Amino acid sequence: MEEEALLAALSSQNMDEFREIFLEQHPYDQAKLFVKLEEEDRNTVYKYLSPEEMAAVFENIEDDDDQYEMFLSEMDPTFAANMLGQMYADDAVDVLNELDKDQVASYLTIMDDEAAEEIRELLHYEEYTAGSIMTTEYISIHANQTLHSAMQILKNEAPNAETIYYIYVIDEDKKLAGVISLRDLIINEPDTMISEVMNERVYTVSVAEDQEEVARKMKDYNFLALPVIDFRGHLLGIITVDDIVDVIDEEASDDYSKLAAISDVDSNDRGPFSAAKKRLPWLIILLFLGMFTASLIGRFEETLDKVAILAVFIPLIAGMAGNTGTQALAVAVRRIAVGDAEEQSTFKMVLREAGTGLITGTICGIVVTLVVFVWQGDIFLGILVGISILATLTVATIAGAFIPLIMHRLKVDPAVASGPFITTINDIISILIYFGMATLFMQYLI
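Residues numbered from 1 in each chain as written. Predicted model: local features only at pLDDT ≥ 70, side-chain atom pairs only at ≥ 80, totals over all residues. Heavy atoms only, no water.

Undergrad: Any details on the overall build of the chain? Residues and values, ideally.
TA: From N to C terminus, the chain includes 23 helices and six strands. Going through the 446 residues of the chain one by one, you find that 43% of them count as buried. Partitioning the intrachain contacts of the chain with sequence separation of at least 6 by distance along the chain shows that 68% fall at a separation of at least 24. Carbon together with sulfur atoms contributes 56% to the accessible area of the chain, which is approximately 23,700 Å² in total. (Helix = DSSP H or I, 4+ residues; strand = E, 2+ residues; numbered from the N terminus. Buried < 20%, exposed > 50% of the residue type's maximum accessible area, 1.4 Å probe, protein only. Contact = heavy atoms within 4.5 Å. Areas by Shrake-Rupley, 256 points an atom, 1.4 Å probe, with all protein chains shown as cover.)

Below you can see the structure in the form of structure tokens.
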């Protein structure tokens, strides 16, 4: 109903009614409505909202299909620059990172000097690091103040701060000396010195630290914010939990896309040619690996001519190898993602997966042996397929766990060992095992 009322207000150009309904909604809901509007209606919204109000909307827009650039191009440049200046610096940087350098320079020139300087500082940091996702809108105090004076600073700066739950204590050189929570500020006597109640043991992250490591640290310690320092201990900014939620979502999407052998599952390509362009490289690689698998089967043509029934079980053997390899891959990548790989040796992790593969392979091998014997009435054929399943599942599980762990040790993203890649590799292994065993069993099968 509210959406219909807003559209009706835009259609009738009733600014007061539109503002009344629109500004009562949460910024996320405002952003959802905004992105659905046609260009003509969006141009009306730019007239009805102030740069500050529009900034709250823009902070909640997800950049799919270059929407940032499209929306900014519709705005008056001065309005756009003022809006970017009203956004939290880290969010403004996220927007500007999607534009070319000339556009960025243009907006920074028009923008308020103080806001432009904050944004320029953040733009210099490498993408996907702590520096690229931190904000400079934090509250800092000194140790030689009283809680009363700190509370006055908090009241004055709170409207522009991204979070007020942690107040950071710095020295004269702007080095981080401690932290005090809002709770400590409230429950202690006003004339108490900051140095008496502050916590000097502060968990920090380096400005160059990978954002995934930052997310893990914030998750482990349940922080609402983490201070970012340089190599000398100077406080540069803070990273808040809302930014970490975005990082976790981004990293999960990235890993999922790689596991599916897609370059970027979150790109939402609407054009088939663009989507095909991103998927083709992996598919071409997998195509050649598949052709290699086919050539392996061709090398055992003589074996198949003698015992044609062997061909029936090729999809079963290859499919089981792919399935168990993908399961082991998912477990290994998960352990790496949550940091378990750092706490255990590669040997122990692979040994555990090998044990899992041996147990599952033994059980599946026994089951398939009995099924094939009942179905085909040939105990030797059943034993062949059963032993092949046992060996294949054991080797495939080891490969599925070992490959991403080795990649991790070599500082390569383990998600690159994608499901289709592992599946194809295990296809090759399973074919070699199956037909190798068939050759050994040949005298009992003819």
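Undergrad: Tell me about the pairing of strand E6 (residues 235-240), residues and numbers included.
TA: Along a regular strand, successive side chains alternate from one face of the sheet to the other. Counting buried positions along E6 gives five out of six residues, so the element sits mostly inside the fold. Where strand E5 (residues 225-229) meets E6, five bridges bridge the pair, whose relative direction is antiparallel. Of the residues in E6, the one forming a bridge with Ile 229 is Leu 235. Between E5 and E6, which pair antiparallel in sequence order, lie five residues; one of them, Gly 233, sits at a positive phi of approximately 90°. (Pairing = 2+ DSSP bridges.)

Undergrad: Which residues make up the nonpolar core, and what values do they have?
TA: Within the largest apolar cluster, 67 residues are counted, with the highest numbers of intra-cluster contacts made by Met 54 and Phe 58. Excluding its chain neighbours within four sequence positions, the residues that come into contact with Met 54 are Phe 34, Val 45, Tyr 46, Leu 49, Met 75, Phe 79 and Met 83. (Core = buried A, V, L, I, M, F, W, Y, C linked by side-chain atoms within 4.5 Å.)

Undergrad: How would you summarise helix H5 (residues 51-58) if you had to cite specific residues and measurements?
TA: Buried residues of H5: Met 54, Ala 55, Val 57 and Phe 58, and no others. Buried residues along H5 cover an arc of 160° about the axis, so they all sit on one side. Elements that come into contact with the buried residues of H5 comprise helix H2 (15-22), helix H3 (27-36), helix H4 (39-48), helix H6 (67-74), helix H7 (77-86) and helix H8 (89-96). (Arc of directions from axis to C-beta.)

Undergrad: Kindly report on the UniProt feature "transmembrane region" (unreviewed entry) in the chain, identifying the contributing residues and their values.
TA: Sequence positions flagged by UniProt for "transmembrane region" (unreviewed entry) are, in local numbering, residues 280-297, 309-333, 354-375, 381-407 and 428-445. Helix makes up 80% of residues 309-333 and strand 0%. Its end C-alpha atoms lie 38 Å apart. As annotated, residues 354-375 has a helix share of 100% and a strand share of 0%, and its two end C-alpha atoms lie 30 Å apart. (UniProt positions renumbered as here; feature names shortened; annotations may be inferred.)

Undergrad: Give a description of the side chain of Glu 353 that names residues and reports values.
TA: Mapped onto the secondary structure, Glu 353 falls in helix H21 (residues 346-376). Classification of Glu 353 as buried rests on a relative accessible area of 7%. Dropping the residues within four chain positions of it, Glu 353 is found in contact with Ala 328, Val 331, Arg 335, Thr 397 and Ala 401.

Undergrad: Describe the side chain of Thr 369, naming the residues involved and giving the relevant values.
TA: Within the element layout of this structure, Thr 369 appears in helix H21. When sequence neighbours within four positions are dropped, the list of residues in contact with Thr 369 reads Gly 382, Ile 383 and Gly 386.

Undergrad: Now, about a negative patch on the surface: what can you tell me, with residues and values included?
TA: Together, Glu 62, Asp 94, Glu 98, Glu 126, Glu 127, Asp 242, Asp 246, Asp 249 and Glu 250 make up a region of like negative charge exposed at the surface. Element by element, the count of residues in the negative patch is highest for helix H16 (residues 241-259), at four residues. Along the chain, Asp 242 turns up in helix H16. (Patch = residues over 30% accessible without salt bridge, like charges linked within 9 Å, V, L, I, M, F, W, Y side chains within 5 Å. Salt bridge = Lys/Arg side-chain N within 4 Å of Asp/Glu carboxyl O. Lys, Arg positive; Asp, Glu negative; His and termini not counted. Charge placed at Lys NZ, Arg CZ, Asp CG, Glu CD.)

Undergrad: Account for the sheet that holds strand E1 (residues 140-141), with residues named and values stated.
TA: Strands sit in the order E1-E2-E3 across an open sheet of three strands; the sheet is mixed. With one partner strand each, in any of the chains shown, E1 and strand E3 (176-181) form the two edges of the open sheet. In this sheet, strand E2 (residues 166-170) lies alongside E1 in parallel orientation, the contact comprising two bridges. Within E2, the residue paired with Ile 141 across the bridge is Val 169.

Undergrad: Outline the pairing of E5, supporting the account with residue identities and numerical values.
TA: Taking burial as the measure, the five residues of E5 include five buried ones, the bulk of the element. Side chains Ala 225, Pro 227 and Ile 229 project from E5 onto one buried face, and the interleaved Leu 226 and Val 228 project onto a second face that is buried too.

Undergrad: Describe the environment of Trp 375, with residues and values.
TA: The residue Trp 375 is located in helix H21 in this model. Not counting the four nearest positions on each side in its chain, Trp 375 is found in contact with Val 312 and Phe 313.

Undergrad: Please give an account of the environment of Ala 158 that cites residues and values.
TA: For Ala 158, the location among the structural elements is in the loop between helix H12 (147-157) and E2. Setting aside chain neighbours within four positions, we find Ala 158 in contact with Ile 139 and Ile 164.

Undergrad: If you had to explain the pattern of salt bridges to someone new, which residues and values would you point to?
TA: Under the counting rule described, the total for this entry stands at four salt bridges. With a shortest N-O distance of 2.8 Å, Arg 19 and Glu 53 are connected by a salt bridge. Within this pair, whereas Arg 19 is found in helix H2, its partner Glu 53 is found in helix H5, the two being separated by 34 residues in sequence. Looking at Glu 53, the relative accessible area reads 21%, which means it is partly exposed. With a closest N to O distance of 2.5 Å, Arg 42 and Glu 74 form a salt bridge. With Arg 42 in helix H4 and Glu 74 in helix H6, the pair connects residues that are 32 residues apart, well separated along the chain. Here Arg 42 falls in the buried class, since its relative accessible area comes to 6%.

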